[in-house]
Amino acid sequence: MFLVCQPATRRRLFAIAMNNQAILPFSLTNGVYAQSIIYAWGFQSMTRPAQPTLSPQAASVTPPLSELLLATAYAVEGVGEGRSLTDILNAEPANRRAAVQSLSFYVMRQLARGHALADLLLDRGLPNSLADSLLITALSLLSVDEREVRDNPRVPVYETHTLVSQAVTAAGLDRKTAGFKGLINACLRRFEREREALLEQAYLRSNVRWGFPKWWIGRVRQAYPAQWETILASSFQPGPLTLRVNTRKTSREALLAALQEQDIAATAIGDHGVILDQPLPVAKIPGFEEGWWLVQDAGAQLAAQLLPVTDGMRVLDACAAPGGKTAGLLMQARLQLTALDIDEGRLERVAANLQRLQLNDAGVVLRAGNAIDLKSWWDGQPFDAILADVPCTASGIVRRHPDIRWLRQEQDIVDTVALQRRIVSALWQTLKPGGTLLYVTCSVFPQEGIEQDQWMQQTLEGAVALPSPGQLLPGQGQEHDGFFYSLLRKQG
Ligand SMILES: C[S@@+](CC[C@H](N)C(=O)[O-])C[C@H]1O[C@@H](n2cnc3c(N)ncnc32)[C@H](O)[C@@H]1O
């Protein structure tokens with residue numbers, strides 16, 4: 001494998017490869033009576049980012065709940081300012097990352113409820129955004145109900161008095177929130193007293209009922225009048241842990257047998273997938289170090305199967321990072337593969353992941369570049385096949401990235417559609433006559449899927465549609481996230 005990047009990047013890449021560890025489980029104290037943690041975030045999280053070094057003793061101690069609540073409030077504030085929760089969590093120290101992930105994922109799902117309750121308790125939000133985020137965090141966690149716990153046993157549940165006192169202690173830990181201790185205490189205690197009435201009022205709001213922004217609910221409802229409720233309900237729940245077997249290293253039967261041996265319940269899904277009954281830390285699943293599998297949703301696994309590739313082909317994976325679909329393609333055949341991505345940092349993850357899976361063949365080149373700017377990265381040799389897993393709103397993968405629904409704005413759909421068209425138009429020029437291009441998005445919005453497909457067939461010279469799944473929706477039939485697939489051949 002050959003990486004086209006700066007020398008400093010190469011050094012960091014080596015460090016990442018050496019650091020390739022899984023997220024560890026943790027246990028919470030402080031009055032938690034039901035707790036379990038989501039471990040794998042997807043392919044990206046299989047490589048642990050560089051973290052400040054902690055002594056083994058310090059790294060194994062989970063901080064008190066008050067500290068976790070404050071860290072979660074910082075995460076909520078960060079998302080409110082437009083930062084990705086994945087980036088925020090990557091910067092968390094190792095000893096609390098899993099705990100803060102569990103809390104912040106839950107709060108993200110119930111953010112509309114937390115906001116609505118804070119609105120009802122205070123005429124205006126708190127004048128300090130961190131204090132406001134702490135109040136919303138505590139209210140989201142205090143308002144967990146039995147039905148939620150029944151539907152999802154991983155929901156974090158705390159005894160009320162513990163949560164209230166820890167939230168107030170959390171306020172005292174930071175000078176930005178210390179002045180709001182009394183007000184936060186008063187709000188949380190009032191919530192305890194008026195819980196039923198406040199929740200009843202909050203649930204009158206559609207964004208609280210569904211856990212999505214109003215504009216998002218409207219878009220899904222308009223696009224899928226018969227299925228919108230199941231799509232939203234399914235998108236609200238956390239996705240399961242699904243693995244894609246590395247068929248270069250092992251078989252699905254062998255992986256299922258190894259899982260069974262360790263009493264890990266799992267079933268086959270799709271052609272190469274395995275779905276675990278319960279999520280586990282990746283390091284606890286047999287074969288992680290050996291590269292027997294990667295974490296990949298069943299819908300995403302289809303990409304490598306749909307693009308017709310055979311040994312020796314010149315293939316472009318145009319928006320490759322973090323490399324889940326690159327890995328899938330390399331399991332299908334021995335390729336002369338260029339993995340292109342505009343983000344050099346994310347490209348490092350492709351390298352680390354291919355290394356763990358031992359798919360870093362001599363014919364693989366990782367290249368940092370903008371797909372639109374052909375002159376900057378293309379050598380003029382046409383490709384036999386192109387995977388265009390273009391940037392999108394990611395509205396189909398909100399189960400695994402619960403912050404996305406709050407980070408996106410309705411206008412983003414228009415901007416993303418325009419960017420996707422520019423990327424595909426450029427890539428089409430690099431495709432051989434007779435070659436195939438697979439267009440992929442992890443979105444449920446038709447503007448990025450079926451409407452783009454129509455546009456491509458009308459606009460791209462010589463484009464002929466081949467059979468492909470089209471729109472895959474969460475909660476409809478097989479277990480998977482939301483994706484759109486269109487396979488086009490360039491007539492020669
Ligand atoms: C949906 S993600 C790709 C996921 C990846 N194919 C996988 O399966 O792991 C889209 C990627 O496109 C990259 N990207 C965005 N704009 C791009 C551009 N103009 N040229 C190349 N890559 C781009 C982003 O950095 C991001 O990594």
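The model shown is predicted, which means the values in this text are computed figures rather than measured ones. (Residues numbered from 1 in each chain as written. Predicted model: local features only at pLDDT ≥ 70, side-chain atom pairs only at ≥ 80, totals over all residues. Heavy atoms only, no water.)

### What about the overall build of the chain?
Along its length, the chain carries 22 helices and 14 strands. Split into buried and exposed, the 492 residues of the chain put 58% on the buried side. For the chain, long-range pairs separated by at least 24 residues make up 76% of all intrachain contacts whose partners lie at least 6 apart in sequence. In the form shown here, the chain has an accessible surface area of approximately 20,300 Å², with 50% of it arising from carbon and sulfur atoms. (Helix = DSSP H or I, 4+ residues; strand = E, 2+ residues; numbered from the N terminus. Buried < 20%, exposed > 50% of the residue type's maximum accessible area, 1.4 Å probe, protein only. Contact = heavy atoms within 4.5 Å. Areas by Shrake-Rupley, 256 points an atom, 1.4 Å probe, with all protein chains shown as cover.)

### A closer look at unusual backbone geometry
Cis geometry is found at the peptide bond from Ala321 to Pro322, where omega equals 5 degrees. Its place among the elements puts Pro322 in the loop between β8 (314–317) and α17 (324–332). A positive phi angle, near 55 degrees, is found at Gln358, a position not held by glycine. Inspection of the secondary structure puts Gln358 in the loop between α18 (344–356) and β10 (364–368). Its relative accessible area of 45% is what places Gln358 among the partly exposed residues.

### Digging into the nonpolar core
Leu69, Leu135, Leu139, Ile184, Leu188 and Phe191 are the most contacted members of the largest nonpolar core, which has 56 residues in total. Leave out the neighbours within four places in its chain, and Leu135 touches Ala118, Leu122, Leu126, Ile184, Cys187 and Leu188. Counting 55 residues, the second largest nonpolar core, distinct from the first, contains Tyr224, Ala339, Ile397 and Val444. (Core = buried A, V, L, I, M, F, W, Y, C linked by side-chain atoms within 4.5 Å.)

### Concerning the site of the ligand
Near the ligand you find 19 residues, and of these Asp341, Arg346, Asn370, Ala371 and Asp389 are the closest. Note that a nitrogen atom of the ligand is positioned 3.0 Å from one of the backbone N or O atoms of Cys319. Within the complex, 86% of the 610 Å² of free accessible area of the ligand lies under protein. When the residues that make up the shell around the ligand are grouped by side-chain class, the tally is ten nonpolar, four polar and five charged. (Near = heavy atom within 4 Å. Polar contact = N/O pair within 3.5 Å; in protein donor to acceptor, adjacent residues only side chain to side chain. Nonpolar A, V, L, I, M, F, W, Y, C, P; charged D, E, K, R; others polar.)

### Observations concerning the packing of helix α21 (residues 411–429) against helix α22 (residues 450–459)
Between α21 and α22, the least distance of the axes is 11 Å, while the angle of their chain directions is 35 degrees. Handedness of the α21/α22 crossing: right-handed. Taking contact as the criterion, the partners of Val417, Gln420, Arg421, Val424 and Ser425 in α21 are, on α22, Glu451, Gln452, Trp455 and Met456. Tallied by class, residues from the contact of α21 with α22 come to four nonpolar, three polar and two charged. (Axes fitted to C-alpha atoms, helices over the stretch in contact; angles between N-to-C directions. Left-handed = near helix turned anticlockwise from the far one by under 90°.)

### Section: the packing of aromatic side chains
The tally for this structure, following the rule as stated, stands at nine aromatic pairs. When the centroid spacing of 6.3 Å and the interplanar angle of 70 degrees are considered together, the rings of Tyr439 and Phe484 count as edge-to-face. Pair noted here: Tyr439 is in strand β12 (residues 431–441) and Phe484 is in strand β14 (residues 483–490), with a separation of 45 residues, a long-range link. When its relative accessible area of 0% is taken as the criterion, Tyr439 is described as buried. (Phe/Tyr/Trp six-rings, centres within 6.5 Å; stacked < 30°, edge-to-face > 60°.)

### Things to note about α18
With 13 residues, α18 should reach 18 Å at 1.5 Å per residue; the first-to-last C-alpha distance of 19 Å fits that figure. Among the residues of α18, those classed as buried are Leu347, Glu348, Arg349, Val350, Ala351, Ala352, Asn353, Leu354 and Arg356. Where α18 begins, the capping side chain belongs to Asp343, and its oxygen is found 3.0 Å from the backbone nitrogen of Gly345. Following α18 by one or two positions, Gln358 adopts a phi angle in the positive range, close to 55 degrees. (Expected span 1.5 Å × (residues − 1).)

### Examining the UniProt feature "active site" (unreviewed entry) in the chain
With numbering matched to this structure, UniProt assigns "active site" (unreviewed entry) to Cys442. Structurally, the position occupied by Cys442 is in the loop between β12 and α22. Judged by relative accessible area, which is 14%, Cys442 ranks as buried. Beyond its immediate chain neighbours, meaning those up to four positions away, Cys442 contacts Cys392, Ala394, Ser395, Gly396, Ile397, Gly482 and Phe483. (UniProt positions renumbered as here; feature names shortened; annotations may be inferred.)

### Remarks on the pattern of salt bridges
The tally for this structure, following the rule as stated, stands at 18 salt bridges. Where Arg96 meets Glu67, a salt bridge forms, and the shortest distance between an N and an O atom there is 2.9 Å. Taken together, the residues span a long stretch of sequence, with Arg96 in helix α5 (residues 94–109) and Glu67 in helix α3 (residues 65–80) at a distance of 29 residues. Exposure remark for Glu67: the relative accessible area of 29% places this residue in the partly exposed category. Where Arg314 meets Asp379, a salt bridge forms, and the shortest distance between an N and an O atom there is 3.2 Å. Taken together, the residues Arg314 in strand β8 and Asp379 in the loop between α19 (374–377) and β11 (383–389) connect sequence positions 65 residues apart. (Salt bridge = Lys/Arg side-chain N within 4 Å of Asp/Glu carboxyl O.)

### Topic: the packing of helix α6 (residues 111–121) against helix α7 (residues 129–142)
One can describe the packing of α6 onto α7 by two numbers: an axis separation of 8 Å at closest approach and a directional angle of 110 degrees. In this view, α6 runs roughly perpendicular relative to α7, as classed from their interaxial angle. As α6 runs across α7, the sense of the crossing is right-handed. On the side of α6, the interface is formed by Leu111, Arg113, Gly114, His115, Leu117, Ala118 and Leu121, while α7 contributes Leu135, Ile136, Leu139 and Ser140. Residue classes in the contact of α6 with α7 are distributed as seven nonpolar, three polar and one charged. (Parallel < 35°, antiparallel > 145°, perpendicular 65-115°, else oblique.)

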